[in-house]
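Single-letter residue listing:
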Amino acid sequence: MTTTQTTTTTTKASNNNNNKRQNVIAKAGGGSIAEDTSGIPESERFDMSEGTNKKRWGMVFALFVAFVLCNLDKVNMSVAIVPMAKSFGWTATQKGLVASAFFWGYAFTQIPGGWLSSKYGGKAVLFYGVILWSLGTLIAPWCATLGMAPLLASRFLVGLGEGVAPSAATGILAKTIPPSQRSKAVTATFGGLDVGSLLGLLIAPPIILFLGGWQAVFYLFGFLGFAWGAWWWLGFANDKSVDMKETAAETAKAAGGLNIPWGKFAKSKEFWALMVAHFTWNYFSYGLLAWLPSFLSSALNVSLAKSSFLSILPYLSTVAVTTLVAPITDSLENKNGFSRTDVRKLSQTLCFGGGAVALSTVGFIVSKTPAAAVTNTTIVMVMSALAFCFGMGAWVRTGLFCGHQDLSPKYASIMLGVTNTAAAIGSLLSTFFIGYFMELTNGSWAWSLFYPIAILQVASALIFSALWKSTPIDFDA
């Protein structure tokens, strides 16, 4: 190649780069994001100044708090349901119905939440979601005095509000966080769920015992949601400075409307792997979240305060292991030759395989030990197995929950809404059928709670390993 040709080629490349950069425009929102094929450096797609980065991480902290509140308003019922059942004379099936009512609403807004977040931006959708679920929480005591149907309606409202939160947050993070910071931001945001579960189980019992009975947890947590809404609206909802700048081509494409490739989703085996894994994850995690305090009180014969304290130990294990899984998987992928597909399969196998072993162990122990024969040794063995189970559950962060963005950052929010719909159905089924199976099996915790989940986890781990590949898919092709 001659010097003149080389100079001409270099000049064309430089001009192409300049044209790309000139076409970058500011765009607010928090909706869906296309694959970044523009070749524009992230420092030009995002404002990386110190002041803006502080705002950006302040926003991530606010998202973290939102998800802490999200699980506080799930846990409050799992703790309060013990004194509520005694007060209102509920059967195990009625307790399961109350626990499952949340998930009817939660399932209803998964796909609409993804669509709304993509169209109008996740910042506004998250705000209205938090306000709605906080209202449902605040009115729960009043509804309970009116009867079962009004109480179920209030929990349905909580589910409606919380149902939009995952998709809204995914959209916000996709639009505001540079790719080099995204893993840390996603982990921090959704880590609020584990902290919320832990905090709720820790503080709900003393609130019930010393601050006005079971009604107090609903009043306090509902108020906190409205306080968060004011903070978010005034500080972050309308702040465009942290948002990604879109190219003119992306803006023109967005102006043409949002066309979701539903048919191509349905033909993707990886998408079905996510569906199965998400269903099983929620059947496990929310089934235990709803029934663990009741199990500890009934099967291990401990008081409300002690059962709720013991309930936090598995979640402490989750929080502890969560701090390790990202560095370990990063090392496996970047330094030890593992492919991204290998990392996802390994993570999900550890999550479900380890959980199945631990839950089967708990089921065996409680099936051989009637409540009257429980000793401190029994309690230690059961809690150790549950702590191991929940610790293994932390691997879901680098398995299932990275899968949507692996396949398509553009449609990650929508796909999460769809798979979370299946997950919400799993949550609903688990919280209801655990109570139903308790009556069917004459109170067998092993066959109502532990063995069914263990079987489901093994099957799902095998399906995920058989179907999953982390290769990005162009669903628009």
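Just so you know, the residues in each chain are numbered from 1, in the order the chain's sequence is written. At least 70 in pLDDT is required for a residue's local features to be given in this predicted model, at least 80 for side-chain atom pairs to be given and counted, and no such filter applies to totals for whole chains, interfaces and linings, which use all residues. Hydrogens are left out, water is left out, and the side-chain values use all remaining heavy atoms of the structure.

1. Regarding unusual backbone geometry
Excluding glycine, most residues fall at negative phi; most peptide bonds, likewise, are trans. Its identity is not glycine, yet Asn-301 carries a phi of approximately 60°, on the positive side. Numbering of helices and strands starts at the N terminus; helices are DSSP runs of H or I of at least 4 residues and strands are runs of E of at least 2. When you line up the elements, Asn-301 lands in the loop between helix H14 (269-299) and helix H15 (304-334). Take Asn-301: its relative accessible area is 56%, and that puts it in the exposed class. With a phi close to 60°, Asn-442 is a non-glycine residue in the positive phi region. Residue classification places Asn-442 among the exposed positions, given a relative accessible area of 73%. The cut-offs for exposure are 20% and 50% of the maximum accessible area for each residue type, with area from a 1.4 Å probe on protein chains only; residues under the lower value are buried, those over the upper are exposed, and the others partly exposed.

2. Regarding the side chain of Ser-460
With respect to the helices, strands and loops of the structure, Ser-460 is situated in helix H20 (residues 445-467). Here Ser-460 falls in the buried class, since its relative accessible area comes to 3%.

3. What about the pattern of salt bridges?
When a carboxyl oxygen of Asp or Glu lies within 4 Å of a side-chain nitrogen of Lys or Arg, that pair is called a salt bridge. Within the structure shown, the criterion is met by six salt bridges. Across the salt bridge formed by Lys-74 and Glu-162, the nearest N and O atoms sit 3.0 Å from each other. Here Lys-74, found in helix H3 (residues 50-88), pairs with Glu-162, found in helix H8 (residues 148-163); they are 88 residues apart in sequence, far enough to count as distant. Among the residues examined, Lys-74 registers a relative accessible area of 6% and is labelled buried. A salt bridge links Glu-270 to Lys-269; the shortest N-O distance between them is 3.1 Å. Given the relative accessible area of 10%, Glu-270 is considered buried. Under the relative-accessibility criterion, Lys-269 is labelled partly exposed at 36%.

4. A short note on the nonpolar core
For soluble globular proteins, the rule of thumb is that nonpolar side chains tend to be buried together. The biggest cluster of nonpolar side chains holds 128 residues, and the ones touching the most others in it are Trp-232, Phe-295 and Phe-450. At 18 residues, the largest contribution of residues to this core is made by H3. Whether two residues are in contact is decided by their heavy atoms: any pair within 4.5 Å suffices. If we ignore the near neighbours within four places in the chain, the residues touching Phe-295 are Leu-300, Val-362, Val-366, Val-382, Leu-386, Trp-445 and Phe-450. In these notes, a set of buried Ala, Val, Leu, Ile, Met, Phe, Trp, Tyr and Cys residues joined through side-chain atoms within 4.5 Å is what counts as a nonpolar core.

5. Thoughts on the packing of aromatic side chains
Only the six-membered ring of Trp is used, alongside the rings of Phe and Tyr, when aromatic pairs are assigned; centres must lie within 6.5 Å, and planes under 30 degrees apart are stacked while those over 60 apart are edge-to-face, with the rest tilted. In the structure shown here, the tally under the stated rule is 36 aromatic pairs. Residues Trp-214 and Phe-218 carry aromatic rings whose centres are separated by 6.1 Å and whose planes lie at 85° to one another, so their mutual orientation is edge-to-face. Accessibility classification places Trp-214 together with Phe-218 in one group, the buried group. Aromatic pair Phe-295 and Phe-450: ring centres 5.0 Å apart, planes at 75°, arrangement edge-to-face. Residue Phe-295 is found in helix H14, and its partner Phe-450 is found in helix H20; the two are separated by 155 residues along the sequence. Just as Phe-295 is buried, Phe-450 falls in that class too.

6. Details of the confidence of the model for the protein
Confidence along the protein averages 84 in pLDDT terms, with 86% of residues attaining 70 or more. Confidence per residue, as judged by the predictor, is encoded in pLDDT with a range of 0 to 100. Mean pLDDT across the elements of the protein ranges from a minimum in strand S1 (residues 24-26), with 39, to a maximum in H20, with 97. In this model, residues 1-38 is a region of pLDDT below 50 whose contacts with residues beyond four sequence positions or in other chains number 62 contacts.

7. With respect to the packing of helix H6 (residues 122-138) against helix H11 (residues 215-235)
Think of two packed helices as two axes; the pair is described by the angle between the axes and how far apart they sit. The angle between two axes is taken between their N-to-C directions and runs from 0 to 180 degrees, where each axis is a line fitted to C-alpha atoms and a helix contributes only its stretch in contact. Between H6 and H11, whose axes approach to 8 Å, the crossing angle comes to 160°. As summarised for this structure, H6 and H11 are arranged roughly antiparallel, according to the angle between their axes. Taken as a pair, H6 and H11 cross one another with a handedness that is left-handed. Mapping the contact onto sequence places Lys-123, Leu-126, Phe-127, Tyr-128, Val-130, Ile-131, Ser-134, Leu-135, Thr-137 and Leu-138 in H6 and Phe-218, Tyr-219, Phe-221, Gly-222, Phe-223, Gly-225, Phe-226, Trp-228, Gly-229, Trp-232 and Trp-233 in H11. Put simply, Ala, Val, Leu, Ile, Met, Phe, Trp, Tyr, Cys and Pro go in the nonpolar bin, Asp, Glu, Lys and Arg in the charged bin, and everything else, Gly too, in the polar bin. The residue inventory of the contact of H6 with H11, partitioned by class, reads 15 nonpolar, five polar and one charged. Throughout this description, any angle smaller than 35 degrees is read as roughly parallel, any larger than 145 degrees as roughly antiparallel, any in the 65 to 115 degree range as roughly perpendicular, and the remainder as oblique. Less than a right angle of anticlockwise turn of the near helix away from the far helix marks a crossing as left-handed, whereas a clockwise turn marks it as right-handed.

8. A short note on the state of the cysteines
Here, the word disulfide means a covalent bond between the sulfur atoms of two cysteines. Sulfur atoms of two cysteines make up a disulfide when they are within 2.5 Å. Here the structure, examined in full by the defined rule, presents zero disulfides. The thiol sulfur of Cys-389 is not disulfide-bonded, and the nearest other cysteine sulfur, from Cys-351, lies at 8.2 Å.

9. Examining helix H17 (residues 376-393)
Between its first and last C-alpha atoms H17 spans 25 Å; for 18 residues at 1.5 Å apiece the expected length is 26 Å, and the two agree. For H17, the full list of buried residues reads Thr-378, Ile-379, Val-382, Met-383, Ala-385, Leu-386, Ala-387, Cys-389, Phe-390, Gly-391, Met-392 and Gly-393. Residue count minus one, scaled by 1.5 Å, sets the expected span of a helix.

10. A few points about the environment of Val-186
Tracing the backbone through its elements, the reader meets Val-186 in helix H10 (residues 179-210). Residue Val-186 is classed as buried on the basis of its relative accessible area, which comes to 19%. Expressed as a C-alpha distance, the spacing of Val-186 and Ala-174, which sit twelve residues apart in the sequence, is 9.5 Å. Residues within four places of Val-186 in sequence aside, it is in contact with Leu-173, Gly-191 and Gln-405.

11. Topic: the environment of Ile-473
Its location among the elements puts Ile-473 in the segment after H20. Considering only alpha carbons, one finds Ile-473 and Pro-409, 64 residues apart in sequence, at a separation of 9.7 Å. Aside from chain neighbours lying at most four places away, what touches Ile-473 is Ser-268, Glu-270, Leu-407 and Ser-408.

12. Examining H14
Given 3.6 residues per turn, any residue in an α-helix points the same way as the ones three and four places further on. By definition, a residue's bend is the angle between the axes fitted to the seven residues ending there and the seven starting there. At Trp-291, H14 shows its largest kink, close to 50°, and the proline Pro-293 lies no more than four residues downstream. Of all 31 residues in H14, 25 are buried, a share of seventy percent or more. A positive backbone phi angle near 60° is found at Asn-301, which sits one or two residues after H14.

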